[in-house]
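# Structure assessment
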Amino acid sequence: MLEIRNLVVKIADEDKQILNGLSLTVNDGEVAAIMGPNGSGKSTLSYVIAGKEDYEVLDGEILLDGENVLEMEADARAAAGIFLAFQYPLEIPGVATMTFLKAAMNAQRRARGEAELLTPDFIKAVNGAADRLGIARDMLRRPLNVGFSGGEKKRMEILQMALLSPSMCILDETDSGLDIDALRIVAEGVNALRDPRRGFLVITHYQRLLDHIVPDTVHVMSKGRIVKTGGKELALELEKNGYAGYADAA
Amino acid sequence: MSIVTPFKTAAEHALSAQFSAAKAELPGSLPVRKLREDAFAGFEAKGLPHRRLESWRYTDLRALLREAKPLAIDASATPAIEARLDELALDGVRLVLIDGAFSAELSTLEALPDGVAIHSLAEALVSGREDLTRVLAGPGIAQGDTGLMLNTALMRDGVFIEIADGTELAQPIAIVSLASGEAERAIFHRSVVVAGQGVKATIFEIGEGVGAEASQINGAIVFETGDESDVQHLRIVTGQAPETVQVQTLMASVGGHAKFESFALVCDAATLRQQYFVEYAGEHSEVGLRGVNLLGGSEHSDVTLVMDHAVPHGVSREMFKTIIGGEATGVFQGKVIVRKYAQKTDGGMRSNTLLLNDGATMFNKPELEIFADDVVCGHGATVAQMDGEQLFYLMARGLPRREAEALVLQAFAGEAVEFVQDESLRGMVMDRIEAWLARRDVAAVAGAV
């Protein structure tokens, strides 16, 4: 379970405050969507949960299963179960995707005091997950995300999510840059991972993604706060009326 | 430009005295003696290279050599040297130099493949072979370099490798040059590789310090390769005592339709200047000079190269990757000359540097001198910090900071290492890079991220 209480965050080197007392809970097994206009702080929220260093938390806390993660570095948060699917996955030239996947899986296992994976088990797990997401084997041998299309990068994010088996998945604008077919594949990948022990926080501009990944709850974010919470019908209402009505609520 | 040398330094005086005292017993036939005398006269006229000479601007040898250490005359195997050789566990032909002197006893020459002849340089120098004198002189562009002149004047030993036409070697020939570090010494060695037509061979040079005392090392290797040959050179310079000052010169004259590639890994090498002088003796040849420099502490590594396209249809590629931490300094000076008749030259030069912290310094000076009008030549030099976004991405997947950094740095260096053709040597290079990254001082890096 992810609990965010009264989170106040600014950009580290500037005076610009992005999150202004944001509170939010995502229960195990819940798919929560955050919708909001550009500049409302959605991506900042995802980065702050994942542990990016460019921000300064002025107040509040982020609890994962009751434990405050704000003091942890990004790698410790990942090992604790937080996974951020990036809006723009980074290209890492010179690092083969397989090498990276193995390093990541084993680093998390080590951090949790588990034994490292044996190579045959690792390869079996990767190939199985890749096949389900329609990722060609040849892509796994290429440097991570280098020269991948937008759709391939997003599928690679979901592959990592499947392999790392996190308890809290944050999807930051996963639909951006995807055509309808790619969107469907990615959504199916996410849906396959829905589990009573796993929570999802799906950040998006558009209702479109939520046709494929149907949320349990929808939160509207504006000016760094959650200004309205409702069921999946709230997304449809936003699609129809836009965000204009929520500007004043913040 | 005329260089005014107002007075001689203590080291220059000492070198003159050393040459006068040693020249009678330094090995050499009459033509070799003449070569030595001329080189030393050239050195005396100019003195030790210093920062007002453009090509030595960032490595002021005059300032670095406060005194000239005593010449290494002979050396014998110590238990430390034997242990080091065991650790290196090199298969095949292994040629060992201790303080620059060839040791037949420590070398493995039994399994010499057909078509390969090996002599100590000292032996070859007295043999009176005229072709050797020509090869020793090196390419025209190397003339006038005072670091090299000193080597020519004072070279005592090394190896002379001849590979007959058509010979294809399955295994690398290793030249292991160990500085004993038993006492402070000046070491002058040179090796010569003459590869005939159609030869395929890999020469692996490794230079290491064994003991604690600093050395002054001036080494050189000369390649003359035949038409249609494919000669690969790998050099590792490592494990030097902190006060060691070293100049390593590589000269190559490359035949037509041939390939010559050199790769150098520098780590824990104290103060090092590597200089390359390469000329194309025939058309349609391809030369690659690449390297990885891993610097920390107060280390200094200078890569200065001159690529001389004197004939048409030459291809040259240079790629140097430098990672600098601590207060260390890296230097890359690359000059590609394309002479008037060298049409259709294709040259590409790159120097990429990652600075790990504020105290690290890099000097980049790429130069193109193009006199032909139908060529493709480019160069690029970058100096950057590690990419914080990349590191965050890797950490968000669970990699601890150190591991994430190591992965990014390894990949950065790996781009150049990929060009090492021999698989086991490539593995050895990557292992050493990994070991260096694992030892790296994390605290010094934290500020850069």
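Higher on the page you've got the structure.
Below or above, wherever it landed, is the structure these notes cover. (Residues numbered from 1 in each chain as written. Chains lettered and ligands numbered in written order. Predicted model: local features only at pLDDT ≥ 70, side-chain atom pairs only at ≥ 80, totals over all residues.)

Before going further, it helps to examine the interface of chain A and chain B. Every contact between the two is made by 22 residues of chain A and, on the other side, 18 residues of chain B. The leading source of residues in the side of chain A that touches chain B is helix α3 (residues 97-111) of chain A, at 5 residues. Taken together, the residues of the side of chain A that touches chain B sort by class into 15 nonpolar, 4 polar and 3 charged. (Contact = placed C-beta atoms within 7 Å. Helix = DSSP H or I, 4+ residues; strand = E, 2+ residues; numbered from the N terminus. Nonpolar A, V, L, I, M, F, W, Y, C, P; charged D, E, K, R; others polar.)

Turning to the environment of L35(B), a few remarks are in order. All names here are of chain B. If you trace the backbone, L35 turns up in helix α2 (residues 30-46). Along the primary structure L35 and V93 are separated by 58 residues, whereas in three dimensions their C-alpha atoms are 30 Å apart. For L35, the contacting residues outside a window of four places in its chain are T133, L136, A137 and T152.

So, about unusual backbone geometry. Residue and element names in this part refer to chain A. Within the chain, N145 stands out as a residue other than glycine whose phi angle is a positive 65°. Looking at the element boundaries, N145 is found in the loop between β8 (143-144) and α6 (150-164). We classify N145 as buried; it has 22 C-beta atoms within 10 Å. In this model, S165 sits at a positive phi of 50°, which is unusual for a non-glycine residue. Looking at the element boundaries, S165 is found in the loop between α6 and β9 (168-172). (Buried ≥ 20, exposed ≤ 12 C-beta atoms within 10 Å, placed from the backbone.)

All names here are of chain A. Here 4 strands make up an open sheet; going across it, the order is β2-β1-β4-β5 and the pairing antiparallel. The open sheet has two edge strands, β2 (17-26) and β5 (67-68), and neither has a second partner. Sheet analysis places strand β1 (residues 2-11) next to strand β4 (residues 55-64), joined by 8 bridges and oriented antiparallel. When the sheet's bridge partners are listed, I4 is paired in β4 with I62. Strands in contact with helix α1 (residues 42-50) are β1, β2 and β4; relative to β4, the strand with the most contacts, it is inclined by about 70°. (Pairing = 2+ DSSP bridges. Axes fitted to C-alpha atoms, helices over the stretch in contact; angles between N-to-C directions.)

Residues and elements named next belong to chain B. Over its 17 residues, α2 runs 25 Å from end to end, which matches the ideal 24 Å to within 8%, given 1.5 Å per residue. Taken residue by residue, α2 has V32, R36, A39, F40 and F43 as its buried positions. Relative to the axis of α2, the buried residues are bounded by an arc of 100° and lie together on one face. Residues of α2 that are exposed and point more than 90 degrees away from the buried face comprise L30, K34, A41 and A45. In this structure, the buried residues of α2 make contact with α1 (10-22), α5 (121-126), α6 (130-137) and α7 (146-154). Positioned one or two residues after α2, G47 has a phi angle of 80°, which is positive. (Expected span 1.5 Å × (residues − 1). Arc of directions from axis to C-beta.)

Distances and angles like these do not, on their own, reveal function.
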